[in-house]
Amino acid sequence: MKYVNIYGNKRNIGKKAVRFIRISGKIPCILYGKNINIPFSILLESLKKIVYTTEIYGVILKIEGYDQSINAIRKEIQFDPVNNKILHVDFYKIDQSKPIILEIPIKTVGRPIGVEKGGVYDSSIRKLKVKANPYHMPESIELNINSLDIGDRIIAEDLYNDQYTILHPSHTLIARVKSSRTIIKGSQEEENQEEKENKK
């Protein structure tokens, strides 16, 4: 997992303090974890790389008044329902000895042979919930779809890896190649033509 540096300033809590922080162009945040709870604020620019992206990043937090940097992950973001601006961000301190849970993006590789035959590639899942120790957490899960023929599918249990656990039911459909309507229609027409010829 890649990390980015983020610098934060200590902040006061309360509605008035939070309102002032937002007016000044910063985002109120909080870092929590075992025996830790630190409210702080950061510039929006600092967040863009870890929010507006499909990549997964850990963060190295350097907060005013604290001598040591803290490794953390972004846990929750609150957006304004009207203008979609970021209102608040929660960070969680990483304990390197304990597993964490993240949603990891799926990256496909190749082109299914079934598509070359006229089939349609179908995948409705873009991310998978994964549990792993921080140093084993993948940046993405690679999905090789080259060998998928018409009717073939990939399910969660096909992506087994001994370094992390996918927290989805084993039969969860990840990707498949299905017949297109053109193929189905063509097959039906062929069958109907054969039936007509047999009746002659």
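Each remark here, short or long, concerns the structure printed above.
Since this is a predicted model, take the numbers as computed values, not measurements.

Caption draft 1: Focus on the overall build of the protein. Secondary structure assignment for the protein yields four helices and 13 strands. On C-alpha atoms alone, the protein measures out to a radius of gyration of 24 Å, which is more than a quarter above the 16 Å that the 2.2 N^0.38 rule sets for 200 residues. For the protein, the spread of C-alpha atoms along the three principal axes comes to 90 × 40 × 25 Å. Within the protein, the fraction of its 200 residues that count as buried is 36%. The contacts in the protein between residues at least 6 apart in sequence include a share of 66% that link residues at least 24 apart. Within the structure as shown, the protein displays about 13000 Å² of accessible surface, and the carbon and sulfur contribution to it stands at 47%.

Caption draft 2: Molecular detail of the sheet that holds strand β2 (residues 26-33). One closed barrel holds the six strands; their spatial order is β1-β3-β2-β6-β5-β4, and the pairing between them is mixed. Direction aside, neighbouring strands of the sheet carry axes that sit 45° apart on average. Pairing of β2 with strand β6 (residues 86-93) involves four bridges; the strand directions are parallel. The residue of β6 that forms the bridge with leucine 31 is phenylalanine 91. Against the sheet, helix α1 (residues 15-23) contacts β2, β3 (36-43) and β6, and its axis sits at roughly 125° relative to β2.

Caption draft 3: Representation of the environment of glutamate 76 within the structure. One can find glutamate 76 in strand β5 (residues 70-79). Among all residues touching glutamate 76, those that are not within four sequence positions of it are His88, Val89 and Asp90.

Caption draft 4: Here's a closer look at the pattern of salt bridges. Under the criterion given, the structure shown has three salt bridges. The partner of glutamate 116 in a salt bridge is arginine 111, with the nearest N and O atoms 2.6 Å apart. Between aspartate 122 and arginine 176 there is a salt bridge whose closest N-O contact spans 2.9 Å. Here aspartate 122, found in strand β8 (residues 120-122), pairs with arginine 176, found in strand β13 (residues 173-178); they are 54 residues apart in sequence, far enough to count as distant. By relative accessible area, arginine 176 is classed as partly exposed at 24%.

Caption draft 5: A look at the sheet that holds β13. The strand order across the open sheet formed by three strands is β8-β13-β11, and the pairing between neighbours is antiparallel. Of all the strands in the sheet, just β8 and β11 (153-155) have a single pairing partner and so form its edges. With direction set aside, neighbouring strand axes in the sheet form an average angle of 5°.

Caption draft 6: Summary view of the nonpolar core. Within the largest apolar cluster, 25 residues are counted, with the highest numbers of intra-cluster contacts made by Leu128 and Ile174. Those elements that provide at least two residues to this core are β7 (100-109), β9 (127-132), β10 (141-144) and β13. Looking at which element gives the most residues to this core, the answer is β7, with four residues. If we skip the residues at most four places from it in the chain, leucine 128 touches Leu102, Glu103, Ile104, Ile106, Ile141, Leu159, Ile166, His168 and Ile174.

Caption draft 7: How the structure looks around helix α2 (residues 44-51). Considered for burial, the residues of α2 that qualify are Leu47, Ile50 and Val51. Within α2, the buried residues cover an arc of 90° as seen down the axis, which keeps them to one side.

Caption draft 8: Spotlight on the pairing of β9. Residues of β9 alternate between two faces, with Leu128, Val130 and Ala132 buried on one and Lys127, Lys129 and Lys131 left unburied on the opposite face. Sheet topology places β9 next to strand β12 (residues 165-166); two bridges connect them, and they run antiparallel. Directly across from valine 130, in β12, lies its bridge partner isoleucine 166.

Criteria and cut-off values
Residues numbered from 1 in each chain as written. Predicted model: local features only at pLDDT ≥ 70, side-chain atom pairs only at ≥ 80, totals over all residues. Heavy atoms only, no water. Helix = DSSP H or I, 4+ residues; strand = E, 2+ residues; numbered from the N terminus. Rg over C-alpha atoms; globule rule 2.2 N^0.38 Å. Buried < 20%, exposed > 50% of the residue type's maximum accessible area, 1.4 Å probe, protein only. Contact = heavy atoms within 4.5 Å. Areas by Shrake-Rupley, 256 points an atom, 1.4 Å probe, with all protein chains shown as cover. Pairing = 2+ DSSP bridges. Axes fitted to C-alpha atoms, helices over the stretch in contact; angles between N-to-C directions. Salt bridge = Lys/Arg side-chain N within 4 Å of Asp/Glu carboxyl O. Core = buried A, V, L, I, M, F, W, Y, C linked by side-chain atoms within 4.5 Å. Arc of directions from axis to C-beta.

Purely geometric numbers; function is a separate question.
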